[in-house]
Amino acid sequence: MKIGFVGLGNMGAPMAANLAAAGHEVAGYDPVASAPEGVAMAESAAAAASGAEVVITMLPNGSILRAVAREIIPAMKKGAVLADCSTVDVQSAREVAAEAEEAGLLSVDAPVSGGVTGAAAGTLTFMVGGSEEAFQRVAPLFDIMGQKAVHCGAAGAGQAAKICNNMILGVTMIATCEAFALADKLGLDRQKMYDVVSTSSGYSWTMNAYTPAPGVGAKSPADNGYKPGFASELMLKDLRLSQQAAEAVDADTPMGAVATALYEQFVEREGGAGTDFSAMLPRFEARSRSGPTGG
Ligand code: NAD
């Protein structure tokens, strides 16, 4: 298949390389990044998109996606599919889908989970919004870049699924970290705490598969000095998207709101930027109920 790939950063580069390695003809564009293996670089996003059967975008946010979409949609051939894999707000996803449809194109919003390691290994999960026809057309590419693709519904449904999942993730990580910090102060050994909770009703993905305590439970960024992994600022981005979506539809999400406020404080005022989102544990460790304990 002839594929255009726009946005070749941490996620986009290995995804594009996997498509090329599977034998597809991939034309890439990124104003900064260099060519991933097997990808021929184009001079502009429009040039990468022109003549392609599928154009994939993997960009930082909704406003950049909207700008790039304005550039590539007129360059795409009728009947081609625009597949946006970035994590963006539901509104931007729906606007881009409407513009694509108006131009005689198919489109899907298809954000991913699985992070940089999943992108490199080709084991991402895709959450997909759009028509059945569009989904079927891109599904073979999802099979190369990932291990699972769920068709969630109409345009925007993929982003909705991603935002809801990551709101649960942020809330659960905070709950897991504050419980470890409480256990410390109660004199409960972290390993014992893990042994109990990971097989009791408090278990979760954050406890069992991404344990935020170094040397305990699953191997995770906690065992590597809290180097990301999934950076705290990306968690904050997704939590903000969840609150923006909740406001737009008047949904009551008090836990999501608290998680957003805590990650905001952590990232913007407490030096959490550049650390894994599980570094909430050392943050709680260094605090009392009234604030930081110093030292
Ligand atoms: P990144 O910043 O590494 O990559 C984004 C790329 O887009 C950069 O290379 C940048 O140069 C390029 N770009 C910016 N403006 C552009 C433009 N106008 N035209 C073309 N390219 C442009 O980010 P990433 O980690 O690859 O994440 C991409 C998306 O995937 C984000 O929406 C992110 O939320 C989502 N995501 C990331 C992860 C992760 O673990 N990194 C996991 C799941 C989802």
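Summary of the structure given here. (Residues numbered from 1 in each chain as written. Predicted model: local features only at pLDDT ≥ 70, side-chain atom pairs only at ≥ 80, totals over all residues. Heavy atoms only, no water.)

1. Quick look at the site of the ligand
Neighbouring residues of the ligand: 23 residues in total, closest Asn10, Met11, Asp30, Leu59 and Lys237. Contacts to the ligand include Gly9, whose backbone N or O atom sits 3.5 Å from an oxygen atom. The protein chains hide 81% of the 840 Å² of surface that the ligand would expose on its own. If you list the elements that add at least two residues to the shell around the ligand, you get helix H3 (62-72), helix H5 (115-121) and helix H10 (232-249). (Near = heavy atom within 4 Å. Polar contact = N/O pair within 3.5 Å; in protein donor to acceptor, adjacent residues only side chain to side chain. Areas by Shrake-Rupley, 256 points an atom, 1.4 Å probe, with all protein chains shown as cover. Helix = DSSP H or I, 4+ residues; strand = E, 2+ residues; numbered from the N terminus.)

2. Regarding unusual backbone geometry
In this structure, Gly229 follows Pro228 across a cis peptide bond, with omega equal to 20°. The phi torsion at Tyr226 lies on the positive side, around 65°, for a residue other than glycine. Looking at Tyr226, the relative accessible area reads 11%, which means it is buried. (Buried < 20%, exposed > 50% of the residue type's maximum accessible area, 1.4 Å probe, protein only.)

3. Thoughts on the packing of aromatic side chains
Here the structure, examined in full by the defined rule, presents five aromatic pairs. Plain terms: the ring middles of Phe135 and Phe142 are 6.3 Å apart, the flat faces sit at 40° to each other, and that makes the pair tilted. Classification of Phe135 by relative accessible area gives buried; the value is 9%. Judged by centre distance (5.4 Å) and plane angle (75°), the rings of Phe230 and Phe277 are edge-to-face. Highlighted residues: Phe230 in the loop between helix H9 (205-208) and H10 and Phe277 in the loop between helix H11 (254-269) and helix H12 (280-285), separated in sequence by 47 residues. With respect to class, Phe230 is no different from Phe277; both count as buried. (Phe/Tyr/Trp six-rings, centres within 6.5 Å; stacked < 30°, edge-to-face > 60°.)

4. Side note on a negative patch on the surface
A cluster of acidic residues, Glu95, Glu99, Glu101 and Glu102, forms a negative patch on the protein surface. Here Glu101 is to be found in helix H4 (residues 90-102). (Patch = residues over 30% accessible without salt bridge, like charges linked within 9 Å, V, L, I, M, F, W, Y side chains within 5 Å. Salt bridge = Lys/Arg side-chain N within 4 Å of Asp/Glu carboxyl O. Lys, Arg positive; Asp, Glu negative; His and termini not counted. Charge placed at Lys NZ, Arg CZ, Asp CG, Glu CD.)

5. Concerning the pattern of salt bridges
A full pass over the atoms with the stated rule returns six salt bridges. Linking Arg283 and Glu270 is a salt bridge whose minimum nitrogen-to-oxygen distance equals 2.6 Å. Of this pair, Arg283 sits in helix H12 while Glu270 is found in the loop between H11 and H12, placing the two residues 13 residues apart along the sequence. Classification of Arg283 by relative accessible area gives buried; the value is 9%. With a relative accessible area of 29%, Glu270 lands in the partly exposed category. Note that Glu270 and Arg287 form a salt bridge whose closest N and O atoms lie 3.4 Å from each other. Of the two residues, Glu270 is situated in the loop between H11 and H12 and Arg287 in strand S10 (residues 287-288); the sequence distance between them amounts to 17 residues. In the salt-bridge network here, residues are joined through shared partners; they are Asp184, Arg190 and Glu285.

6. Notes on the pairing of strand S5 (residues 81-84)
Residue alternation in S5 divides its side chains into two sets, Val81 and Ala83 and Leu82 and Asp84, and both sets are buried. Note: strand S4 (residues 54-57) against S5, four bridges, orientation parallel. Note on S5: the bridge partner recorded for Val54 is Val81. In the classification by handedness, the crossover that spans S4, the intervening H3 and the parallel S5 is right-handed. In this view, the connection linking S5 to its parallel neighbour strand S6 (residues 106-109) by way of H4 has right-handed handedness. (Pairing = 2+ DSSP bridges. Right-handed = clockwise from strand over helix to strand, strands pointing away.)

7. Side note on the nonpolar core
The biggest cluster of nonpolar side chains holds 32 residues, and the ones touching the most others in it are Ile174, Met235, Tyr263, Phe277, Met280, Leu281 and Phe284. When residues in this core are grouped by element, the largest group, nine residues, is from helix H7 (residues 157-185). Beyond its immediate sequence surroundings of up to four residues, Ile174 is in contact with Ala259, Leu262, Tyr263, Met280 and Phe284. (Core = buried A, V, L, I, M, F, W, Y, C linked by side-chain atoms within 4.5 Å. Contact = heavy atoms within 4.5 Å.)

8. A closer look at the pairing of S6
Look at any regular strand and the pattern is simple: side chains alternate between the two faces of the sheet. What you see with S6 is no split at all: Leu106 and Val108 on one side and Ser107 and Asp109 on the other are buried throughout. The pairing of S5 with S6 spans four bridges and is parallel. Residue pairing in the sheet places Leu82 in a bridge with Ser107 of S6. Note that S6 and strand S8 (residues 124-130) share two bridges and pair antiparallel. Bridge assignment links Asp109 to a residue of S8, and that residue is Gly129.

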